[in-house]
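Chain residues, written in single-letter form:
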Amino acid sequence: MLDQHQRIIVTGGAGFVGSHLTDKLLARGDEVICVDNYYTGSKRNILHHIGNPMYEMMRHDVTFPLYIEADNIFHLACPAAPIHYQHDPVQTLKTSVHGSINMLGLAKRLGIRILQASTSEVYGDPNVHPQEESYWGNVNPIGIRSCYDEGKRAAETLFFDYHRQHGLEIKVARIFNTFGPRMHVNDGRVVSNFIIQALRGEPITIFGEGLQTRSFCYVDDLVNGLIALMDSPADVTGPINLGNPHELTIRELAESIIDLTGSASKLTFKDLPQDDPMQRRPNIDKARELLNWQPTVAFEDGVRKTIDYFDTLLSGNQHPTKPNGQV
Ligand code: NAD
Ligand code: UDP
């Protein structure tokens, strides 16, 4: 029998989502090349694959060209948490724009399929709710979130222009807030922040009044959606929303995490960051119809698994990664 396995490049493969995606691809028998500069990712996330002949790590910054061979590309490289992507905004924009051009160029040379990890941030602070893919968004082009939002919007443009101009097979996923084990301990994203604060018995930092909403997807569900999109027929280009429509205010999220951790932490209120979106919930009809995909992990179950992860990490059985992502 012919060996059907594919060699798959995962850019950003040492990060939170990329490492879970790698686990799943290897488990189904594919070969994975992780391309990552460890800006926010960590070797710790993928240590369990070292020594596996089907796995290869390349320290490489996607803003530089790459010449290797593969069957398809999951392009995830980009810092995703506001404090990380705002740390060096010019590099963030370069990563989305130059990085996408380089990976699209690689896909074009090889004649292979490429998937872009885009984001619900392309909708900005949306005045349409829930968000469908046909909505063009409400994004500030010059604010502190713009390096990420506009970078991802430009990347989507590049993907569709390579598709129209060069006939490249593209897949664009608009990912909504995702959480789970291996989120960076210092990245300031709300689920990890609240869990860590609750486990340490520290005040839970609510930005603004906590009435803004987000819809949280467990990472295993997201990864299944990304794979379903990559494996979908060629005419399914997206953009396609991947997320869990289970919507919560940030205050409800805090209360739920206090409850699930049994913590004595109290709420404390801080200024709302500039351009912080007020509401966000995906319409996932397209994903249901075209990919036969929808999330299956209940929010509380996902949060419990994430609490277990951070509990182990904080109790000293593992050392948290350093801020630069090095082990
Ligand atoms: P992450 O920060 O954990 O992972 C990003 C990875 O990309 C890291 O390993 C980092 O080192 C790597 N990277 C960054 N810049 C690079 C560069 N120039 N060259 C090579 N590698 C580089 O973030 P994540 O949550 O795993 O997000 C993965 C992707 O999914 C990102 O593209 C992000 O925009 C997208 N996304 C994530 C979410 C979410 O909620 N997690 C939501 C929307 C979109
Ligand atoms: N947030 C908060 N406290 C925190 C971290 C975040 O209230 O300690 C809020 C933040 O202002 C935003 C929401 O939680 O309204 C989600 O923030 P996150 O950075 O996780 O994701 P994003 O804003 O990119 O969706």
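Refer to the structure presented above.
Residues numbered from 1 in each chain as written. Chains lettered and ligands numbered in written order. Predicted model: local features only at pLDDT ≥ 70, side-chain atom pairs only at ≥ 80, totals over all residues. Heavy atoms only, no water.

Draft legend 1. Seen up close, the site of ligand 1. For ligand 1, the set of nearby residues contains 31 residues, the closest of which are Asp 36, Thr 40, Leu 76, Tyr 148 and Lys 152. Here an oxygen atom of ligand 1 sits 2.5 Å away from a polar atom, N or O, in the side chain of Asp 36. Between ligand 1 and Thr 178 there is a distance of 2.9 Å, counted from an oxygen atom to a backbone nitrogen or oxygen. Per-class residue counts for the shell around ligand 1 are 15 nonpolar, twelve polar and four charged. (Near = heavy atom within 4 Å. Polar contact = N/O pair within 3.5 Å; in protein donor to acceptor, adjacent residues only side chain to side chain. Nonpolar A, V, L, I, M, F, W, Y, C, P; charged D, E, K, R; others polar.)

Draft legend 2. Looking closely at helix α9 (residues 299-314). With 16 residues, α9 extends 22 Å between its outermost C-alpha atoms, agreeing within 8% with the 22 Å of an ideal straight helix rising 1.5 Å per residue. Among the residues of α9, Phe 299, Gly 302, Val 303, Thr 306, Ile 307, Tyr 309, Phe 310 and Leu 313 are the ones counted as buried. Angularly, the buried residues of α9 cover 165 degrees about the axis, an arc narrow enough to put them on a single face. On the buried face of α9, the contacting elements are β7 (178-179), α5 (190-200), β10 (217-218), β12 (247-249) and α7 (250-261). Just beyond α9, the residue with positive phi is Gly 316, at close to 95 degrees. (Helix = DSSP H or I, 4+ residues; strand = E, 2+ residues; numbered from the N terminus. Expected span 1.5 Å × (residues − 1). Buried < 20%, exposed > 50% of the residue type's maximum accessible area, 1.4 Å probe, protein only. Arc of directions from axis to C-beta. Contact = heavy atoms within 4.5 Å.)

Draft legend 3. Focus on the site of ligand 2. In the neighbourhood of ligand 2, 18 residues make up the surrounding shell, with Val 190, Thr 205, Arg 214, Asp 276 and Arg 280 lying closest. At a separation of 2.9 Å, an oxygen atom of ligand 2 approaches a polar side-chain atom of Asn 177. Contacts to ligand 2 include Val 190, whose backbone N or O atom sits 2.8 Å from an oxygen atom. Isolated, ligand 2 exposes 520 Å² of accessible area, and the fraction of that covered by the protein chains is 95%. For the shell around ligand 2, the secondary-structure elements that each account for two or more residues are α5 and β8 (204-207). Each residue belonging to the shell around ligand 2 can be placed in one class, and the counts come to seven nonpolar, five polar and six charged. (Areas by Shrake-Rupley, 256 points an atom, 1.4 Å probe, with all protein chains shown as cover.)

Draft legend 4. A look at the packing of aromatic side chains. The full count for this structure, using the stated rule, is seven aromatic pairs. Ring plane angle 5 degrees and centroid distance 4.4 Å describe the contact between Tyr 85 and Tyr 148, whose orientation is recorded as stacked. Placement of the pair is Tyr 85 in helix α2 (residues 82-85) and Tyr 148 in helix α4 (residues 146-166), with a sequence separation of 63 residues. Residue Tyr 85 shares its accessibility class with Tyr 148, and that shared class is buried. Centre to centre, the rings of Phe 179 and Tyr 218 are 5.7 Å apart; their planes meet at 65 degrees, and the pair counts as edge-to-face. Of this pair, Phe 179 sits in strand β7 while Tyr 218 sits in strand β10; the two residues are 39 residues apart in sequence, bridging distant segments of the chain. (Phe/Tyr/Trp six-rings, centres within 6.5 Å; stacked < 30°, edge-to-face > 60°.)

Draft legend 5. Structural detail: the pairing of strand β6 (residues 170-175). The element β6 is extensively covered by neighbouring structure, given that six of its six residues are classed as buried. Residues of β6 alternate between two faces, with Ile 170, Val 172 and Arg 174 on one and Lys 171, Ala 173 and Ile 175 on the opposite face, all of them buried. Looking at chain direction, strand β5 (residues 113-119) and β6 are connected through six bridges and run parallel. Its bridge partner lying in β6, Gln 116 is registered against Val 172. After leaving β5, the chain enters α4 and then returns to the sheet as β6, a path that is right-handed. Examined bridge by bridge, β6 and strand β11 (residues 240-242) share three bridges and lie parallel to one another. Each bridged residue has a counterpart across the sheet, and for Ile 175 the counterpart in β11 is Leu 242. (Pairing = 2+ DSSP bridges. Right-handed = clockwise from strand over helix to strand, strands pointing away.)

Draft legend 6. View of α5. Most of α5 is tucked away, with eight of its eleven residues classed as buried. Close packing links the buried residues of α5 with β7, β8, α7 and α9. Taken from the residues just after α5, Gly 201 is the one with a positive phi, measuring 70 degrees.

Draft legend 7. Geometry of the packing of α7 against α9. In the contact formed by α7 and α9, the axes pass within 11 Å of each other and the chain directions differ by 60 degrees. In terms of orientation, α7 and α9 fall into the oblique class. By crossing handedness, the relation of α7 to α9 is classed as right-handed. Mapping the contact onto sequence places Leu 253, Ser 256, Ile 257, Leu 260 and Thr 261 in α7 and Phe 299, Glu 300, Val 303, Arg 304 and Ile 307 in α9. (Axes fitted to C-alpha atoms, helices over the stretch in contact; angles between N-to-C directions. Parallel < 35°, antiparallel > 145°, perpendicular 65-115°, else oblique. Left-handed = near helix turned anticlockwise from the far one by under 90°.)

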